[in-house]
Amino acid sequence: MLQNTGKLAGCTLFITGASRGIGKAIALKAARDGANIVIAAKTAEPHPKLPGTIFTAADEVEAAGGKALPCVVDIRDEQQIGAAVQKAVETFGGIDILVNNASAISLTGTLETPMKKVDLMLGINLRGTYLTSKLVIPHLLKSRSAHILNLSPPLNMNPVWFKNHTAYTMAKYGMSMCVLGMAEEFRGQIAVNALWPKTAIQTAAMDMLGGEGVGKQCRTADIIADAAYAILTKPKDYTGRFLVDEDVLRELGVKDFDQYAVQPGHPLLPDFFLDEAPENLVKHMEEHGATPAFKPPSSDTPRSGGPIESTFDVIRGVLNEDVVKSTQGIYRFDLSGKLKPTMAFMSGKLRIKGDMTLAIKLEKLMGRMNKAKL
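Here the structure is a predicted model, which means the values were calculated and not measured.

So, how was this worked out
Residues numbered from 1 in each chain as written. Predicted model: local features only at pLDDT ≥ 70, side-chain atom pairs only at ≥ 80, totals over all residues. Heavy atoms only, no water. Axes fitted to C-alpha atoms, helices over the stretch in contact; angles between N-to-C directions. Helix = DSSP H or I, 4+ residues; strand = E, 2+ residues; numbered from the N terminus. Parallel < 35°, antiparallel > 145°, perpendicular 65-115°, else oblique. Left-handed = near helix turned anticlockwise from the far one by under 90°. Contact = heavy atoms within 4.5 Å. Core = buried A, V, L, I, M, F, W, Y, C linked by side-chain atoms within 4.5 Å. Buried < 20%, exposed > 50% of the residue type's maximum accessible area, 1.4 Å probe, protein only. Expected span 1.5 Å × (residues − 1). Bend = angle between axes of the 7 residues up to and from the residue. Pairing = 2+ DSSP bridges.

K.L.:
Quick rundown of the packing of helix α1 (residues 21–31) against helix α7 (residues 222–232)? Include the residues and the values.
P.N.:
Contact geometry for α1 and α7: axes closest at 8 Å, N-to-C directions at 55°. Considering their axes alone, α1 and α7 lie oblique with respect to each other. Crossing of α1 against α7: the hand is right-handed. Only I224, A225, D226, A228 and Y229 of α7 make contact with α1, whose side of the interface consists of I22, A25, I26 and K29.

Here's what the structure looks like:
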């Protein structure tokens, strides 16, 4: 592991999503220098499926040698962020470093992604990063060692990284675009950089996406923490860079990367947005025992065409798991005829509950399907 140098002693880091995973690993690395850590995250009570809370993370930070300030923060909420920033300044006298780590993910296509999830990803990844930066920057401008570090990828414009999960890529690249803009806007005053892992990192999110067996193909969050530490201890003129963890550490002379592997010697899974195509990532995961929860559509699968397929494209865009839960409806589609089959809605009386906008959409869709002559 990269040795601590003490350069962050007394510095105050405001880290979003620091109750677990990568955010907590960065917090603990800085804490070993004697840094002050603001743990800005939503989890105050134990989660049934996810490890840790802001309070358990605070205990670990203090055990590692740092000072902790746990704050309940949903980074979509301007008032909560503002209150946490104010409390941090009152407690520690200022803020020196902002780590925008909090993120939401859904690796689904356009028709399969409910707007609720689109709003979540854009609200946390893009807007949350921008908003948190906006509220922290006035305090960073007073610091002699001001840094913003976003956990976001290089802006790789290869369409392969858009076609299977456009909404997620838009949201994640929004974080990277904050780096691009703010690095220039505050050049000479605040160092603004992005950091991304070369390989998959074992986190709760990766376990969800990769399924059973993915862990041994991952590195631990320690490699990200070490790379972040190296970046955050550099001067302000080290800015506007899109960095990859392994490259950062290689430049510092690190050669043994097996020390970061969950299972040393096992083949590692490359991360998204670099050079490996999504289809190859899924193949790699399956070959080494993982069961990925996402799969890009096969290039051999014919695209939708014709009236029947087009109608089902519309249906897939509206009827999803959230709709079924909201309406408690049962959907049955009967197709008949060889050349010009007709389609009818055959569910009997549908009980509409909850969102009226959803009810209107469903009623319009049902009307269209009942009248359709394909």
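K.L.:
Hey, could you go over the nonpolar core for me, with residue numbers and the actual values?
P.N.:
Membership of the largest hydrophobic core comes to 47 residues, with the highest contact counts inside it found for F14, I95, L140 and I190. For this core, the secondary-structure elements that each account for two or more residues are β2 (36–41), β3 (67–72), α3 (78–92), α4 (115–140), α5 (166–185) and β6 (191–196). With eight residues, α5 is the single largest residue contributor to this core. Discounting residues that sit within four places of it in the chain, I95 has contacts with T12, F14, V85, A88, V89, V136, H139, L140 and S143. Judged by nonpolar contacts, the second largest core, of 45 residues, contains L2, A27, I54 and V99.

K.L.:
Describe the environment of G65, listing the residues and the values that go with them.
P.N.:
Of note, G65 is situated in the loop between α2 (54–63) and β3. It is 7.9 Å that separates the C-alpha atoms of G65 and A35, two residues lying 30 residues apart in sequence. If we ignore the near neighbours within four places in the chain, the residues touching G65 are A31 and G34.

K.L.:
So what about α4? Which residues, and what values?
P.N.:
In this model, α4 (26 residues) spans 35 Å end to end at C-alpha, consistent with the 38 Å of a helix rising 1.5 Å per residue. Of all the bends in α4, the greatest, near 40°, is centred on G128.

K.L.:
Report on the pairing of strand β1 (residues 12–16), specifying residues and quantitative values.
P.N.:
With five of five residues buried, β1 lies mostly within the body of the structure. Alternating residues of β1 divide into T12, F14 and T16 and L13 and I15, and every residue in both groups is buried. Here β1 pairs with β2 via five bridges, running parallel. For F14, the partnering residue across the bridge sits in β2 and is V38.

In short, geometric facts, not functional conclusions.
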